[in-house]
Amino acid sequence: MAENTNQSDPTRFDKPYNPREVEDRWYRYWIDRGYFAADENSTNPRRFSIVIPPPNITGSLHLGHALNNTLQDILVRWQRMLGLNTLWLPGTDHAGIATQNVVERQLMAEGTSREKLGRAEFIRRVWQWREQSGRTIIAQLKRLGASCDWKRERFTLDEGLSAAVRDVFVRLHQEGLIYRGERLINWCPRCGTALSDVEVEHEEIMGKLYYIKYPLADDPEAFLTVATTRPETMLGDTAVAVHPDDPRYSRLIGKAVLLPLTSRRIPIVGDPILVDREFGTGAVKITPGHDFNDEKAGQRHNLPWISLLTGRGEMNPVVLEEEAKADKDLVHEIAGAKVPIARDRVVSRLGAGGSLIKVEDHRHAIGKCYRCKTVIEPFLSPQWFVKVNDPLNSLAAPAIEAVRNGRIRLNPESWMNNYFGWMENIQDWCISRQIWWGHQIPAWYCRGTDIGQCRPECKTPIVAATAPERCPHCGSADLVQDPDVLDTWFSSALWPFSTLGWPQKTKALELFYPTSALVTSFDILFFWVARMIMMGLHFMKDVPFQDVYIHALVRDAEGQKMSKSKGNVIDPLEIMEKYGTDALRFTLASMASPGRDIKLSEERIEGNRNFANKIWNAARFLLMNCPNGAKAYLKTPLPDPATLLLADRWILSRLQKVVVSVNRQLEVYRFDEASRELYQFLWHEFCDWYLELIKPTLYGAEAAAAERTRTVAIRVFETVLRLLHPFMPFITEDLWQILHSPTDKSIVVAPYPIPSSRSLEDEALEGMMNDIISIATAVRTIRNEHNIPPSQQLKGGVITLKEENAKTILRNGEADIRRLAKLSEFTAGPSIAMPSGALEISTSAGKVFIIVDVDPFKEKARLEKRLAAKKAEFEREDKKWRDPEFQKNAPEEVKSKNDLRRNELSQEVFMISEQLRKIADLLKDRNL
Ligand SMILES: [Zn+2]
Ligand SMILES: [Zn+2]
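Computed from a prediction, not measured in an experiment: that's the story for all the values here.

Some points on the overall build of the chain
Okay, so step 1: Assigned secondary structure in the chain consists of 32 helices and 29 strands.
Okay, so step 2: Expressed as lengths along the three principal axes of its C-alpha atoms, the size of the chain is roughly 110 × 75 × 55 Å.
Okay, so step 3: Burial statistics for the chain: of 928 residues in total, 55% are counted as buried.
Okay, so step 4: Accessible surface for the chain amounts to roughly 41600 Å². Of this, 51% is attributable to carbon and sulfur atoms.
Okay, so step 5: Of note, the chain has its 122 positive side-chain charges centred 3 Å away from the centre of its 123 negative side-chain charges.

In structure tokens form, the structure reads like this:
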């Protein structure tokens, strides 16, 4: 199908490279031929596997996905070409709360709600939505060129994965590692569900600190002053705490206070853990129903707890009247009110009753829901938990150990401290969510109405992988399943083995678990990576992956986070449309430096589109010089180096080094370094110099020499296409096909270049070529600086350090230097006197000079004009730079631009002044 399309259209090379023409076609070609499929029947013992971080079905491809999947694809394509049996397993995540929120918003727009639809209908709607738009992200990953084994695509809610989830739940429950308990948890009143610790985003705000009088029960004239940020929860206070060593208060421990607004009597306790003597007044209220630290203090002192709020975050009238025993007027005022309103009303009542002493501004942290940004409430409710720190059967300890002993390597290593810090303080994981979209918890409760009455032990939930028919205790068939679903990260924690068929003992598991690497961003290190490690070690008795590569965020050119409201979002799909997928991929890879956020600008991507064009033009040049096609040269062995041009031997030596280096950089996940080397080699060394250096031979009279050089040029180009393929899969396939035409193979499965056993490296030769190139470059630079046309023939030379160097340069490079630098004469030597009036530049080869016949007066006038302009611009930037107002008020990116420009201008002023000084010397020499 596709293999001959290129050759059949000879006009393609008349135009620049057109990504749109080729990308779709080659992707289909790869898919049709099954190149991305892992082979379960292979006897190849070398294997490489990766599971994709499953994108949410709510998702559309953004730059974070583009980066994440480009890096995975580079690794996978590289390993596949190295001959490994390679699996990249794709899939998507059902993303519980996120997806439920999206569909709820749609229902709201239709004037209905999930409650009105009912659970079954709502879930049907979410599935329907998933079928329609949940496929988008997969199509977009294909557009990016991702070489996943699509036949193995999984979804966290598909049948197999759901079975794995139920199995894990039942097993952990049997081991006592999953339990149901009533505890304070993080609650989102908007989403109406529990959240785990990592799902809470902490934010500093400027709030208030209220100082409230709590009168002593025995001596109503005396009082304790309590400082709190949450006066509305005081109705749930069950004690006041002071520090036992605080001389102000220690004598009061054991006595009681009367809670304002209720006159409920509560004890004064001594607690050195809860109380910070320096904070507020040194006396704090204990509200175990509304604060995590107070809950622990409450347990230490056996205090009761009062939960004042409903699940919607409103003051609960029943509790206010019964437990909190607030007066009727107050109950009337705040019953059903949301927290901020209740707070205002409580504060004004305290004020009216003379109990409020003062209010201060106070900076403190609050928690927000990571999905909807609503302020979370510590909320007492029955939930399911995973016990992570069981002393006899710990999930966390082996996960810490696996990273500590290097069975799992985090890259960059700097993340290890975060990992240990979090894992060593990990709390039990709250896994139940009060939403509908997700894996419903496999637990049933006996109601026993059909048998009249059930037994006390029927209170224990029945946990089972499939719905039980009868209660094992009383035989009742009246069972109801727990309505809650599991945290979405519970199913993704099993992803590396559930996707390979676990709990069945499949061939895929045997071959591809543990996976080789995981590529992920740092923001899901705890949500996901740490939990995969715990679950993998527990259920598979082996780590889920050996390497974790953690990449940074993609930001805009100024380093700002991209957001719709700022209008600085770069859409990867538009970019691929405009500049081609390869340009986007190469840009992201080249900027993926460890531990540093990517500051992406469209110019960078445009630059790499030009890189694609440069490669395209090189191919055009080479093919024009191979009238019989390129294929024959790929089959001939490399000619004996002794018969080759210096330029040929040089490019082979350089290629060898790049091959070694790119492989080495990829092994340590330095995508940036590997890209840089490829770019530098292909653009500058191969296109700019090598293709220029070989022109006389290609066009020369000696046919055999031209054929030898053609062989080298084609072979080097073909090798570098393979080397570049994982980064820029489309253009490399397109050109590789042309070189090999006709062929029915693909670069996807062509061997990746590895260091040759033949010794092609030649340090001395590289040094000499470096001299030749730097001399020619220096002449070009001087021409550029002095406005001398590139075509004007000049005389020039180089003053070398040693006679030996000059001889080598003259013997091997004179013709090339004269041709490339347009010099009619070229001299070299250590003792050449610098001709008067020569323009010069220092290089690694020596002082390069050219003799010019420019009118020194005209040149002086030109430079003086330029100097004046640059100086004026410098003054303007410098004035800003010195302005304290500007330094104080200007945005960071404006300041850094100013600083940069100011430095550039001062450099330019210096350079022009130097040139003027040289002209002044010249005029003096000539006595003008
Ligand atoms: Zn929420
Ligand atoms: Zn029962």
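Things to note about the coordination of the zinc ion (ligand 2)
Okay, so step 1: Around the zinc ion (ligand 2), the protein contributes the donor atoms Cys446 (SG), Cys458 (SG), Cys471 (SG) and Cys474 (SG), at 2.2 to 2.4 Å from the metal centre.
Okay, so step 2: Coordination at the zinc ion (ligand 2) is tetrahedral: its four donor atoms span angles of 101 to 121 degrees at the metal.
Okay, so step 3: Ordering the donors of the zinc ion (ligand 2) by residue number gives the pattern C-x11-C-x12-C-x2-C. Pair noted here: Cys458 is in the loop between β18 (443-446) and β19 (462-463) and Cys474 is in the loop between β19 and β20 (479-481), with a separation of 16 residues, a long-range link.
Okay, so step 4: Residue classification places Cys474 among the buried residues on the basis of a relative accessible area of 17%.

Overview of the coordination of the zinc ion (ligand 1)
Put simply, a metal with four donors set out as a tetrahedron has ideal angles of 109.5 degrees, and one with six donors set out as an octahedron has ideal angles of 90 or 180 degrees.
Okay, so step 1: Protein coordination at the zinc ion (ligand 1) comes from Cys188 (SG), Cys191 (SG), Cys369 (SG) and Cys372 (SG), with a distance range of 2.2 to 2.4 Å.
Okay, so step 2: Angles of 104 to 116 degrees at the metal separate the four donor atoms of the zinc ion (ligand 1), which places the site in the tetrahedral class.
Okay, so step 3: Mapped onto the sequence, the donors of the zinc ion (ligand 1) take the spacing C-x2-C-x177-C-x2-C.
Okay, so step 4: Among the residues examined, Cys369 registers a relative accessible area of 0% and is labelled buried.

Some details on the packing of aromatic side chains
Aromatic rings in a pair are described by how distant their centres are and how their planes are angled relative to each other.
Okay, so step 1: The tally for this structure, following the rule as stated, stands at 36 aromatic pairs.
Okay, so step 2: An aromatic cluster is present here, built from Phe586, Phe611, Tyr679, Trp683 and Phe727 joined pairwise through their rings.
Okay, so step 3: Between Arg114 and the ring centre of Trp436, over which it is positioned, the NZ or CZ distance is 4.8 Å.
Okay, so step 4: Arg531 extends its terminal NZ or CZ atom over the ring of Trp429, reaching a point 4.1 Å from the ring centre.

Thoughts on the environment of Val798
Okay, so step 1: Among the structural elements, Val798 can be located in strand β26 (residues 794-799).
Okay, so step 2: Placed 51 residues apart in sequence, Val798 and Phe849 show a C-alpha to C-alpha distance of 6.2 Å.

As for the pattern of salt bridges
Okay, so step 1: Taken as a whole, this structure holds 70 salt bridges when the rule is applied.
Okay, so step 2: Between Arg130 and Glu131 there is a salt bridge, with the nearest N and O atoms lying 3.5 Å from each other.
Okay, so step 3: A salt bridge links Lys368 to Glu203, with the shortest nitrogen-to-oxygen separation between them at 3.3 Å. Here the residue Lys368 occupies a position in strand β13 (residues 356-369), and Glu203 occupies one in strand β7 (residues 200-215), the gap between them amounting to 165 residues.
Okay, so step 4: Each of the salt bridges in this network shares a partner with another, and the network as a whole consists of Arg654, Lys657, Glu685, Glu763 and Glu766.

Details of the environment of Thr86
Okay, so step 1: By secondary structure assignment, the location of Thr86 is in strand β2 (residues 85-89).
Okay, so step 2: Sequence separation between Thr86 and Leu644 is 558 residues; the distance between their C-alpha atoms is 39 Å.
Okay, so step 3: Setting aside residues up to four positions removed in sequence, Thr86 forms contacts with Ala37, Ala38, Phe48, Val76, Gln79 and Arg80.
Okay, so step 4: From its side chain, Thr86 meets the backbone oxygen of Leu84 in a polar contact 2.9 Å long.

Thoughts on the sheet that holds strand β29 (residues 846-851)
In any sheet, the strands associate via hydrogen bonds between backbone groups, in a parallel or an antiparallel arrangement.
Okay, so step 1: Judged by pairing direction, the sheet is mixed, and its four strands sit side by side in the order β27-β26-β29-β28 without closing on themselves. Each edge of the open sheet carries a strand with a single partner, namely β27 (823-829) and β28 (838-843). Averaged over all adjacent pairs, the angle separating strand axes in this sheet is 20 degrees, with direction ignored.
Okay, so step 2: With six bridges connecting them, β26 and β27 associate as parallel partners. Within β27, the residue paired with Leu794 across the bridge is Leu823.
Okay, so step 3: Contacting β26, β27, β28 and β29, helix α28 (residues 763-785) crosses the sheet at an angle of about 135 degrees to β28.

A word on the nonpolar core
Within soluble globular proteins, side chains that are nonpolar tend to cluster in buried spots.
Okay, so step 1: Of all hydrophobic cores here, the largest spans 206 residues; its most connected members are Phe490, Phe686, Phe717 and Phe727.
Okay, so step 2: Those residues within four positions of Phe686 in sequence are excluded, and the remaining contacts are Ala618, Leu622, Ile651, Phe681, Leu691, Ala713, Val716 and Phe717.
Okay, so step 3: The next biggest cluster of nonpolar side chains, apart from the first, holds 41 residues, and it includes Val240, Ile306, Val346 and Phe379.

Quick notes on the confidence of the model for the chain
Okay, so step 1: In this model, the chain carries a mean pLDDT of 91, and residues with pLDDT of at least 70 account for 99%.
Okay, so step 2: Here residues 1-8 scores under 50 on pLDDT; set against residues more than four positions off or in separate chains, the count is 21 contacts.

Quick word on the sheet that holds β20
Okay, so step 1: The antiparallel open sheet is built from three strands, whose spatial order is β19-β18-β20. Strands at the two margins of the open sheet, each flanked by one partner only, are β19 and β20.
Okay, so step 2: As judged from the two bridges shared by β18 and β19, these two strands associate in the antiparallel manner. The residue of β19 that forms the bridge with Ala443 is Val463.

What to know about helix α27 (residues 729-740)
An α-helical turn contains 3.6 residues, so a residue and the one three or four places further along point in the same direction.
Okay, so step 1: In a regular helix each residue adds 1.5 Å, so 12 residues correspond to 16 Å; α27 covers 16 Å between its end C-alpha atoms and thus fits that length.
Okay, so step 2: With 12 of its 12 residues buried, α27 lies for the most part within the structure.

Description of the packing of helix α14 (residues 415-424) against helix α18 (residues 525-540)
Okay, so step 1: Relative orientation of the contacting elements α14 and α18 amounts to 75 degrees, with a least axis distance of 12 Å. Considered as vectors, α14 and α18 are oriented roughly perpendicular to each other. Listed contacts from α18 to Trp415, Asn418, Tyr419, Trp422 and Met423 of α14 are Leu525, Phe526, Ala530, Ile533 and Met534.
Okay, so step 2: Here the residues of the contact of α14 with α18 are counted per class, giving nine nonpolar, one polar and no charged.

Focus: the side chain of Thr488
Okay, so step 1: Secondary-structure assignment places Thr488 in helix α15 (residues 488-492).
Okay, so step 2: A relative accessible area of 9% places Thr488 in the buried class.
Okay, so step 3: A polar atom in the side chain of Thr488 sits 3.3 Å from the side chain of His94.

Each value, and the rule that gives it
- Residues numbered from 1 in each chain as written.
- Chains lettered and ligands numbered in written order.
- Predicted model: local features only at pLDDT ≥ 70, side-chain atom pairs only at ≥ 80, totals over all residues.
- Heavy atoms only, no water.
- Helix = DSSP H or I, 4+ residues; strand = E, 2+ residues; numbered from the N terminus.
- Buried < 20%, exposed > 50% of the residue type's maximum accessible area, 1.4 Å probe, protein only.
- Areas by Shrake-Rupley, 256 points an atom, 1.4 Å probe, with all protein chains shown as cover.
- Lys, Arg positive; Asp, Glu negative; His and termini not counted.
- Charge placed at Lys NZ, Arg CZ, Asp CG, Glu CD.
- Donors = N, O, S within 2.8 Å, 3.2 Å for Na, K, Ca; no water.
- Tetrahedral: all angles 85-135°; square planar, octahedral: opposite > 155°, others 65-115°.
- Phe/Tyr/Trp six-rings, centres within 6.5 Å; stacked < 30°, edge-to-face > 60°.
- Lys NZ or Arg CZ within 6 Å of the ring centre and 35° of its normal.
- Salt bridge = Lys/Arg side-chain N within 4 Å of Asp/Glu carboxyl O.
- Contact = heavy atoms within 4.5 Å.
- Polar contact = N/O pair within 3.5 Å; in protein donor to acceptor, adjacent residues only side chain to side chain.
- Pairing = 2+ DSSP bridges.
- Axes fitted to C-alpha atoms, helices over the stretch in contact; angles between N-to-C directions.
- Core = buried A, V, L, I, M, F, W, Y, C linked by side-chain atoms within 4.5 Å.
- pLDDT = per-residue confidence, 0-100.
- Expected span 1.5 Å × (residues − 1).
- Parallel < 35°, antiparallel > 145°, perpendicular 65-115°, else oblique.
- Nonpolar A, V, L, I, M, F, W, Y, C, P; charged D, E, K, R; others polar.

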